[in-house]
Amino acid sequence: MVECLEFVTNFLESMTMVVDWSCRRHMVVDDRDRVNVVDSGGGGKKYELPDRCIISPAYDIINIVGTGFHQIGYWSNYSGLSTVPPETLYSRPPNRSSANQRLYDVIWPGNTVRNPRGWVFPNNGRQLRIGVPNRFSYKEFVSQVPNTNIFKGFCIDVFIAAINILPYAVPFQFIPYGDGHENPNYTEIVNLITTGFFDGVVGDIAIVTDRKRNVEFTQPYAASGLVILVPVRELNTGAWAFLGPFSPALWGVTAALFLILGIVVWVLEHRINDEFRGPPKKQLITVLWFSLSTLFLSHKEKPMSTLGRIVLIIWLFVVLIINSSYTAGLTSIFTVKQLYSPIKGIERLKDGDDPIGYQVGSFAEHYLTNEIGIPKSRLKALGSPEEYATALLKGPKKGGVTAVVDERPYVELFLSSHCKFRIVGQAFPKSGWGFAFPRDSPLTIDLSTAILTLSENGDLQRLHDKWATKNLCTTDDTKIESKRLHLRSFWGLFLICGIVCFLAFVIYLWQIIHKYRESVAVESASNGQVTSHSRRLQTLISLIDEKKDQSRRNRKRRKLDR
């Protein structure tokens, strides 16, 4: 408006200079000259010299609108721009200050009083018809002010902010779609663009494949995607809570490895270590005691063979990892509130038979039936957050639902005031919200650039925070049933330990077989005949069970000690 006033003032002053110069050229200064007062019509007067030059020129300023016009003020070289006729100002002292220069509002093309920013978006001189879903629930995103054509909400604010960034004006009007008593079908409102009923659609419109086939979407201004909403209950720590950190399979494999380690170390140490010798009962107890005591690093039996020491070092490293993981998991169970839900993700929902809720008008119904393969008979339409809560708390056995599948922004808004529910699993598919326009519309690219600008300068986040509902739930540390450690988390570690034990056992077995062949060859040479099979078996068992002579090794150690 300021630029407009400056332009009008400069233009009219330049015209006055022309008039004044023309008058000076023809003015004859003579005492006979007189000033005549001439009626200009309409009750106004103008002052002329005899040669009809204007002394106090004044102009009416009109605003041409279509084929008509209306007056928005006056201009005179005495007072400048004003909304008061100049004749009433001649009796006052002149005031040409910028604060005193004013006109009535100018009506620009498109019947708007907003100043144009350049060329107007070409649309045959008419306003764009922008469809807006008239929602029943989640009105924080988009809603119609009752008994008006005004819309408000997060999506509306983003659209208007993006329009204001464009270097040209876009005359538009919002057209509601839906009766406001239930959420409209969003695919239907998008398809009305292809018929020409709407020039665009603004709102919480999810960008999905079926809709993109017919229209174009702008850059997403909000992250979306379907998530699973389920009721949760607090998981109490019972008498068997200490088993919680590990899965049953991990417990079983760990116990088997303890036993295998004890057997391998016994085999490797039996011939040279007195602590691993004795009656069968004692040796069995030694195997069990040694393997379990390594868990607490309290074993008194010290391996003497090189192979036994290598196996034990690897096993102690495995025990260290198992100990640390178990301690961390158990601490989490006892210190953090655990929430439980039988639903873990979309696969669990797909395999079950319980009913599933979805929001009326959402693309969730189409996605669950056509993409996931869930029968339509299992889906139940829900229209408001209150219906969500009621159906989830009832459960499938009492006419409710086992879970609700909806878009993340709605669920996050729902969770801000409903604390007995949680999101489980990952979002699917990952998409976003955008504004829809006909194919090849220049607004698609320009608005996408404007949305990126809003995101980069932080305005998009500020608009989100403006409409975000304050979280009424407590922020205590809770989580959905802490994940147990499974066998797949340790299979690499167990594999390394198993390979080391296997190689040590193979090397030991090769050593025994080598000694066995030597013994059989010596015995056959001394007897002069082939040894029987029973005799060979007896020789093999004696080699495995006999005490290896360590006197030579002990003498070497005593010499080194001296």
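It should be noted that the structure appears before, not after, this text.
Okay, so let's go over this structure. Bear in mind the structure is a predicted one, so any value in this text is a computation, not a measurement.

### Focus on the pairing of strand 18 (residues 403-407)
Part 1: Most of strand 18 is tucked away: 5 of the 5 residues are buried.
Part 2: The sheet contact formed by strand 16 (residues 356-359) and strand 18 spans 3 bridges and is parallel. Paired with isoleucine 356 across the strands is alanine 403, a residue of strand 18.

### Describing the sheet that holds strand 17 (residues 379-382)
In a beta sheet, neighbouring strands are held together by backbone hydrogen bonds and run either parallel or antiparallel to one another.
Part 1: Read across the open sheet, the 5 strands follow the order 17-16-18-13-19; overall the sheet is mixed. In the strand order of this sheet, the two ends are held by strand 17 and strand 19 (421-428), each with one partner. Neighbour-to-neighbour, the strand axes of this sheet turn through a mean angle of 30 degrees, independent of strand direction.
Part 2: Contacts from helix 9 (residues 364-372) reach strand 13 (226-231), strand 16, strand 17, strand 18 and strand 19, with the element oriented near 170 degrees to strand 17.

### Section: the packing of aromatic side chains
In this description, a pair of aromatic rings is defined by centroid distance and the angle of the planes.
Part 1: Applying the stated rule across the entire model yields 24 aromatic pairs.
Part 2: Seen from their ring centres, phenylalanine 172 and phenylalanine 174 are 5.2 Å apart, and the 55 degrees between their planes marks the pair as tilted.
Part 3: With a centroid separation of 6.0 Å and an interplanar angle of 40 degrees, the aromatic rings of tyrosine 367 and phenylalanine 428 are classed as tilted. Note that tyrosine 367 is positioned in helix 9 and phenylalanine 428 in strand 19, a separation of 61 residues in sequence.
Part 4: A residue is classified by how much of its surface remains accessible, and tyrosine 367, at 18% relative accessible area, is buried.
Part 5: Among the aromatic side chains, those forming a connected cluster through ring pairs are Tyr138, Phe141, Tyr388, Tyr410, Phe414, Phe421 and Trp433.
Part 6: Here the guanidinium or amino end of arginine 129 rests over the ring plane of phenylalanine 197, the centre of that ring lying 4.9 Å away.

How each quantity is defined
- Within each chain, residues carry numbers counting from 1 in the order of the written sequence.
- Local features in this predicted model are restricted to residues whose pLDDT is 70 or higher, and side-chain atom pairs enter the listing and the counts only when it is 80 or higher, whereas totals over whole chains, interfaces and linings include all residues.
- Side-chain descriptors were evaluated using all non-hydrogen atoms of the structure, hydrogens and water having been removed beforehand.
- Throughout this description, buried means an accessible area under 20% of the type-specific maximum (1.4 Å probe, protein chains only), exposed means over 50%, and partly exposed covers the range between.
- In this text, helices come from DSSP runs of H or I with a minimum length of four residues, and strands from runs of E with a minimum of two, each type numbered from the N-terminal end.
- A pair of strands is treated as paired once DSSP finds two or more bridges between them.
- To define axes, lines are fitted to C-alpha atoms, for helices over the stretch in contact only, and angles between the resulting N-to-C directions are given on a 0 to 180 degree scale.
- The contact criterion used throughout is that any non-hydrogen atoms of two residues lie within 4.5 Å.
- Classification of ring pairs uses Phe, Tyr and Trp, with its six-membered ring standing for Trp, and accepts pairs whose centres are within 6.5 Å; under 30 degrees between planes counts as stacked, over 60 as edge-to-face, and the remaining range as tilted.
- Charge over a ring is defined by NZ of Lys or CZ of Arg lying within 6 Å of the ring centre and within 35 degrees of the ring normal.

So, to be careful, I would describe these as geometric facts and stop short of saying anything about function.
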